[in-house]
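The primary structure of each chain is shown beneath.
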Amino acid sequence: MRLPSPAYDFDTPVDRHGTWCTQWDYVEGRFGVPDLLPFTISDMDFETAPEVLSALRGRLGHGVLGYSRWRQDDFLSAIVDWYATRHATEVAPESIVYGPSVIYQISQLLRLWSAPGDGVVVHTPTYDAFPKTIAAHERRLLGCPLGDWPALERLLALPDTAVLLLCSPHNPTGHVWTEAELNRIARLCARYGVAVISDEIHSDLAHPPYVHRPWARHGGDGARWAIVTSASKSFNIPALTGSYGIIGDSATRDAYLRHLKEADGLSSPAVLSLVGHIAAYREGTSWLEALGTYLRGNLQLVAEHLDTAFPDLNWTPPQAGYLAWIDVRPLGLNDEALQRELIETQKVAIMPGAAYGSPGHLRLNVGCPRGKTERGVTALVEAVRAVREAAL
């Protein structure tokens, strides 16, 4: 019998200043002004699950932090069981690989499945690391507007298109792909011989009734596909580093692991990342469920404020995650003027949509205590009003 979930405190702020925190300590680097209240990079202001912290303390108590192995049953079985219980998906332990980060895995797979000059399809708007990674490997980014199926087929059919880099759930919009959509993508990629890399790092934060469906259900035996992911987003442990992948065919797995170990010297994992993943997947479900409920409350708060102030936006919360993707184009605002007002008057940092290839949008991170969410959406409403009044 499953015991009731304990109460977790997501309301009490944790001071992150002075911890080398990208979101808080280095906000000036992106926005040009220090000491802004940040709603930016996609980590959360919450402590991770107490079960994870307890496991980390226990491992540190051992005192020896030597070389370790990721290819061991504790780590692999935790992943296999997580996919079986949370995502109703069977994963073979031998298909799992380790990587120091999700972007590292994407980089390796791009090298294995494409050549310089080849096209890589991504849905737009797109997570800003994707274009940078694709360009750094001298591949061509082929942007497909989210939901434009004729455009997707045209891009996949190009003779030099090698890879579809899928974001599932999608960042920054929070779209959760349906089974029908994923089947349609799978058919198109099979028809045109395009490999699929599915970044599923936000998969554990799908909001009911939406359900994440791992690409492992759609890739097919022996096909060129991979899932790249980590517990870092859902359990807020990115500073531990470490990720893992599921690669569909053995030849790619062997080549990937050879590069990991022999070319890059990265096969010895961050041991605390292993400990964190195992504890999260074995013991963290109650915390994760409580987190999801809290995040939905934050997102609903944003919706209520925006819909009250600007009914024309008709804004609805995303289907997954804690990133509120807000289309402000119906308000007829100047993007630069809005950012100036947010930064100079409201003293908040909210990511402009141009960073993801979509001017006229904002990405507001509400992975934070409700009081901070209230401050952020209130600042946004006031900034919009000020810009509109100034334009009259």
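What counts and what doesn't
- Residues numbered from 1 in each chain as written.
- Predicted model: local features only at pLDDT ≥ 70, side-chain atom pairs only at ≥ 80, totals over all residues.
- Heavy atoms only, no water.
- Helix = DSSP H or I, 4+ residues; strand = E, 2+ residues; numbered from the N terminus.
- Contact = heavy atoms within 4.5 Å.
- Polar contact = N/O pair within 3.5 Å; in protein donor to acceptor, adjacent residues only side chain to side chain.
- Pairing = 2+ DSSP bridges.
- Axes fitted to C-alpha atoms, helices over the stretch in contact; angles between N-to-C directions.
- 1 Å grid on protein atoms, 1.4 Å probe; cavity = no way out; pocket = protein on both sides within 12 Å on 5 of 7 lines; lining within 4 Å.
- Points joined across faces, edges and corners; volume = space filled by probe spheres on them.
- Nonpolar A, V, L, I, M, F, W, Y, C, P; charged D, E, K, R; others polar.
- Salt bridge = Lys/Arg side-chain N within 4 Å of Asp/Glu carboxyl O.
- Buried < 20%, exposed > 50% of the residue type's maximum accessible area, 1.4 Å probe, protein only.

Structural notes on the environment of T373
Part 1 of the reasoning: Checked against the element boundaries, T373 lands in helix α13 (residues 370-391).
Part 2 of the reasoning: C-alpha separation for the pair T373 and L301, spaced 72 residues apart in sequence, amounts to 8.0 Å.
Part 3 of the reasoning: Apart from the residues lying within four places of it in its own chain, the contact partners of T373 are F39, N298, L301, V302, V366 and C368.
Part 4 of the reasoning: Only 3.2 Å separates the side chain of T373 from the side chain of N298, close enough to count as a polar contact.

Digging into the sheet that holds strand β9 (residues 323-327)
Part 1 of the reasoning: In space, the four strands of this open sheet follow the order β1-β10-β11-β9, with mixed pairing throughout. Where the open sheet ends on each side, the last strands, each with one partner, are β1 (37-39) and β9. On average, each strand axis in the sheet is inclined to that of its neighbour by 35°, with strand direction left out of account.
Part 2 of the reasoning: Where strand β10 (residues 348-352) lies against strand β11 (residues 361-365), two bridges are found, and the strand directions are antiparallel. Within β11, the position partnered with P352 by the bridge is L362.
Part 3 of the reasoning: The sheet strands contacting α13 are β1, β9, β10 and β11, and the helix crosses β1 at an angle near 90°.

Section: unusual backbone geometry
Part 1 of the reasoning: With an omega of -5°, the peptide bond between S168 and P169 qualifies as cis.
Part 2 of the reasoning: Tracing the chain through its elements places P169 in the loop between β5 (161-167) and α8 (179-192).
Part 3 of the reasoning: In this model, P208 is joined to P209 through a cis peptide bond whose omega is 10°.
Part 4 of the reasoning: Residue position: P209 is located in the loop between β6 (195-199) and β7 (225-229).
Part 5 of the reasoning: Positive phi outside glycine occurs at W20, with the angle close to 60°.
Part 6 of the reasoning: Within the secondary structure layout, W20 lies in the segment before α1 (22-25).
Part 7 of the reasoning: With a phi close to 65°, D35 is a non-glycine residue in the positive phi region.

Concerning empty space enclosed by the protein
Part 1 of the reasoning: For the coordinates displayed, the defined rule picks out two cavities of 30 Å³ or more.
Part 2 of the reasoning: Roughly 70 Å³ of internal volume is contained in the largest cavity.
Part 3 of the reasoning: Considering the residues around the largest cavity, the lining is formed by P169, H170, N171, P172, G174, H202, A320, G321, Y322 and L323.
Part 4 of the reasoning: Among the residues making up the lining of the largest cavity, the classes are represented as five nonpolar, five polar and no charged.
Part 5 of the reasoning: Taken as a whole, the second largest cavity spans an internal volume of roughly 40 Å³.
Part 6 of the reasoning: V122, H123, P125, T126, Y127, F130, L165, L166, C167, H170 and N171 are the residues that line the second largest cavity.
Part 7 of the reasoning: Counting residues per element, the ones that place at least two in the lining of the second largest cavity are β3 (119-124) and β5.
Part 8 of the reasoning: Take the lining of the second largest cavity: its biggest share by element is three residues, from β5.
Part 9 of the reasoning: Class assignment of the residues belonging to the lining of the second largest cavity gives a composition of seven nonpolar, four polar and no charged.

Observations concerning the pattern of salt bridges
As a working rule, side chains carrying opposite charge can pair if their charged atoms are close by.
Part 1 of the reasoning: Summed over all chains, the structure comprises 11 salt bridges.
Part 2 of the reasoning: The residue D45 makes a salt bridge to R16 at a minimum N-O spacing of 2.8 Å. With D45 in the loop between β1 and α3 (50-62) and R16 in the segment before α1, the pair connects residues that are 29 residues apart, well separated along the chain. As far as the burial class goes, D45 and R16 line up, both buried.
Part 3 of the reasoning: E382 is the salt-bridge partner of R385, the closest N and O atoms lying 3.4 Å from each other. One end of the pair is R385 and the other is E382, both in helix α13 and three residues apart, which spans about a single turn.
Part 4 of the reasoning: Taking the relative accessible area as the measure of exposure, R385 reaches 37% and is therefore partly exposed.
Part 5 of the reasoning: On the basis of relative accessibility, which here comes to 36%, the residue E382 falls in the partly exposed class.
Part 6 of the reasoning: Residues joined in a network through salt bridges with shared partners are R16, D43, D45 and K372.

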